[in-house]
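A closer look at the structure
So you can see what is in the structure, the chains are spelled out below.
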Amino acid sequence: MTVLVLGATGKTGRPVVDALVARGVQVRAASRNPAVATAGVEPVRFDWADRSTWAAALHGIDTMYVVGPYTVPGEPHLVGHLLAAAAHVRRVVLLSVLGVDQLPDAIPMAAWEADVRASGKEWTILRPNWFQQNFGEGFAASLRENGELALPAAEAVVGFVDTRDIAEVAVAALTEEGHAGLVHIITGPEALTLRQVIHALGEAAGRELRYTALTAAQFADGLRKAGLDERSINWQLGLFRLIRDGGNAVVTDTVERITGHPGRTLKSYAGEIAAIWG
Ligand SMILES: NC(=O)c1ccc[n+]([C@@H]2O[C@H](COP(=O)([O-])OP(=O)(O)OC[C@H]3O[C@@H](n4cnc5c(N)ncnc54)[C@H](OP(=O)(O)O)[C@@H]3O)[C@@H](O)[C@H]2O)c1
């Protein structure tokens, strides 16, 4: 069995590759910039925006983990096109997002989910809450350089989840029976405000870090000044509106039920990354 992992260099793709290798499963790791081969991992160049790269990635595999084409605007049904090109693939696990039904139409995950459900394959959909790993990756520069994270999340709580837990659920769905036709809502073990998260990160690092609550208009202005296009700005605004409306306060027992261990806490992740704020 070889599992194709799309988005293999990303926050969920990396731990999915690691967890598959740990189970002795052969992996084809897809990215626009494939790494060098390692034991059990065959890198392949794959670009959602370049269909000439699809066939080599799909050749001879029967199971795939899909991080969708969120970087390719204006083509909501690319996932459906890929699945049609993957007639021989039997099982697909799709990374979607918590609250998919309440997000604006500009966000394409609902279309991806529809395409996966209509594919005739054994499908499982993962709807995770916000990733803890955002703090150690995308948000890290602002925290490191300014000691501050400014976002329009008010004081709403979010069930931040460790992407290694998402990966373990994904690998169960990829390699075990009993997940076909299921939607797994995946969260961390507790719901925290951004203020609580930033405080925990600062405490672990021995450094003062601040959270500043922006209005949506202030946030949009900042993104515009940074050169972001209107589609991406609306996408971000939609995600933060859902947080402020309480849509990300969700905490489920999915991780513990499927992996047998409780979800990793934000405090534990904060300890692991304490050195990066140095
Ligand atoms: N971040 C969160 O808190 C969160 C929460 C819930 C759901 N999600 C969902 O998770 C997904 C990933 O989001 P993320 O921002 O956290 O990113 P990420 O998984 O850290 O990185 C994105 C991955 O997608 C790959 N990729 C990007 N554009 C590609 C293209 N045109 N063709 C092929 N591969 C491409 C990247 O690989 P290369 O750059 O190496 O090609 C990378 O491996 C999104 O669908 C998002 O909605 C995120």
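Scroll up for the structure.
The model shown is predicted, which means the values in this text are computed figures rather than measured ones. (Residues numbered from 1 in each chain as written. Predicted model: local features only at pLDDT ≥ 70, side-chain atom pairs only at ≥ 80, totals over all residues. Heavy atoms only, no water.)

1. Quick notes on the sheet that holds strand β2 (residues 26-31)
- If you trace the 7 strands from one edge of the open sheet to the other, you get β3-β2-β1-β4-β5-β6-β9, paired in parallel fashion. What marks the edges here is a single partner per strand, and that holds for β3 (41-45) and β9 (182-186). In this sheet, neighbouring strand axes are inclined to one another by 20 degrees on average, regardless of whether the strands run parallel or antiparallel.
- Direction of pairing for strand β1 (residues 2-5) relative to strand β4 (residues 63-67): parallel, over a ladder of 3 bridges. Bridge pairing in β4 places Val-5 opposite Tyr-65.
- Across the sheet, helix α4 (residues 109-117) is in contact with β5 (91-95), β6 (122-128) and β9; its angle to β6 comes to roughly 160 degrees. (Pairing = 2+ DSSP bridges. Helix = DSSP H or I, 4+ residues; strand = E, 2+ residues; numbered from the N terminus. Axes fitted to C-alpha atoms, helices over the stretch in contact; angles between N-to-C directions. Contact = heavy atoms within 4.5 Å.)

2. As for helix α1 (residues 13-22)
- Every buried residue belonging to α1 is among Gly-13, Pro-15, Val-16, Val-17, Ala-19 and Leu-20, and all of these are buried.
- On its buried face, α1 sits against β1, β2, β3, β4 and α7 (163-175). (Buried < 20%, exposed > 50% of the residue type's maximum accessible area, 1.4 Å probe, protein only.)

3. Brief notes about the site of the ligand
- The environment of the ligand is formed by 23 residues, the closest being Thr-9, Ser-31, Arg-32, Thr-71 and Asn-134.
- A distance of 2.8 Å separates an oxygen atom of the ligand from a polar atom in the side chain of Lys-11.
- Here a nitrogen atom of the ligand sits 2.8 Å away from a polar atom, N or O, in the side chain of Thr-71.
- Burial of the ligand by the surrounding chains reaches 86%, relative to a free accessible area of 890 Å². (Near = heavy atom within 4 Å. Polar contact = N/O pair within 3.5 Å; in protein donor to acceptor, adjacent residues only side chain to side chain. Areas by Shrake-Rupley, 256 points an atom, 1.4 Å probe, with all protein chains shown as cover.)

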